[in-house]
Amino acid sequence: MVDRYLPALADFELDTDEATAVEKALETEKPWDWTPEDEGELMALKSAKDKILAYHLTRHGGNCCYCRLNLNGAGPYMTDREHILPKGKAIYKQLSYAMWNLAAACKRCNMQFKRSGHAFVVDADDPVRFQDSENYRFVHPNFDVYSEHLIRLEAQVDTKNLVIFVKSAGSEKAAYTHDFFALRELQVDSFDRAQGLDGKVLETELAVKVRDLAKQFDQ
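Just so we're clear, the structure is a prediction, and the values are computed from it rather than from any experiment.

## Some points on helix H2 (residues 39–59)
In this model H2 runs 30 Å from its N-terminal to its C-terminal C-alpha over 21 residues, within 8% of the 30 Å that 1.5 Å per residue would give. Of the positions making up H2, those classed as buried are Glu41, Ala44, Leu45, Ala48, Lys49, Ile52, Leu53, Tyr55, His56, Leu57 and Arg59. Here the buried face of H2 lies against helix H1 (16–25), strand S1 (79–83) and strand S2 (102–106). Of the residues flanking the start of H2, the one acting as N-cap is Asp38, its side-chain oxygen 2.9 Å from the backbone nitrogen of Gly40. Just beyond H2, the residue with positive phi is Gly61, at close to 65°.

## Focus on the pattern of salt bridges
All told, the structure shown has nine salt bridges when counted by the stated rule. For Lys24, the salt bridge goes to Glu41, with nearest N and O atoms at 2.3 Å. Linking Lys24 in helix H1 with Glu41 in helix H2, this pair joins segments that are 17 residues apart in sequence.

## Looking at the packing of aromatic side chains
Scanning all chains against the criterion turns up 14 aromatic pairs. Ring geometry for Tyr136 against Phe143: centres 6.3 Å apart, planes inclined by 55°, an arrangement best described as tilted. For Tyr136, a relative accessible area of 2% gives the class buried. Taking relative accessible area as the criterion, Phe143 reaches 10% and is therefore assigned buried.

Parameters at a glance
- Residues numbered from 1 in each chain as written.
- Predicted model: local features only at pLDDT ≥ 70, side-chain atom pairs only at ≥ 80, totals over all residues.
- Heavy atoms only, no water.
- Helix = DSSP H or I, 4+ residues; strand = E, 2+ residues; numbered from the N terminus.
- Expected span 1.5 Å × (residues − 1).
- Buried < 20%, exposed > 50% of the residue type's maximum accessible area, 1.4 Å probe, protein only.
- Contact = heavy atoms within 4.5 Å.
- Polar contact = N/O pair within 3.5 Å; in protein donor to acceptor, adjacent residues only side chain to side chain.
- Salt bridge = Lys/Arg side-chain N within 4 Å of Asp/Glu carboxyl O.
- Phe/Tyr/Trp six-rings, centres within 6.5 Å; stacked < 30°, edge-to-face > 60°.

Here's what the structure looks like:
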């Protein structure tokens, strides 16, 4: 199911020079890593990649498509252009610039956990199923509605943080995604330890609301 509130993948467009550069890249051995010798083509390909990243960040509200970490203003040291089916495997090479196979992810999710494997794919060899949500064990950034499986609840006041992941009851994708990306490691609650000298808990109304929301979901 595609979230109708997100910018549609079909609405994404490249200009003529960008599209031409992408076509040439797809004729090479490593389409995404190809470096054109022509300066104009080089700039056009860079522009296409920048547009792809910006569009996918918009689709996910500036957050990582897997853990929902806020990536607004994070830049390239924290943000990756994510290839869901890994571009390094021959069977997926021609999908290097396919918008449905691209997303925006944080470095942690992409480089530490997902990397270049494809164990999350049910049938990794049948191209007919590559655009089928049911062919993916985790929440697919483009074929699934994230909030129907997982919700990240978060509050922060200065150095005090509260992060909770709510898994939808009965969602196998929620459970798989939660385990695959070790989202439990991101959960934290330092508000209950934020006490001043007088013993007064420095817990804010925001933190209380986040906990109350989590309780509503039986978390």
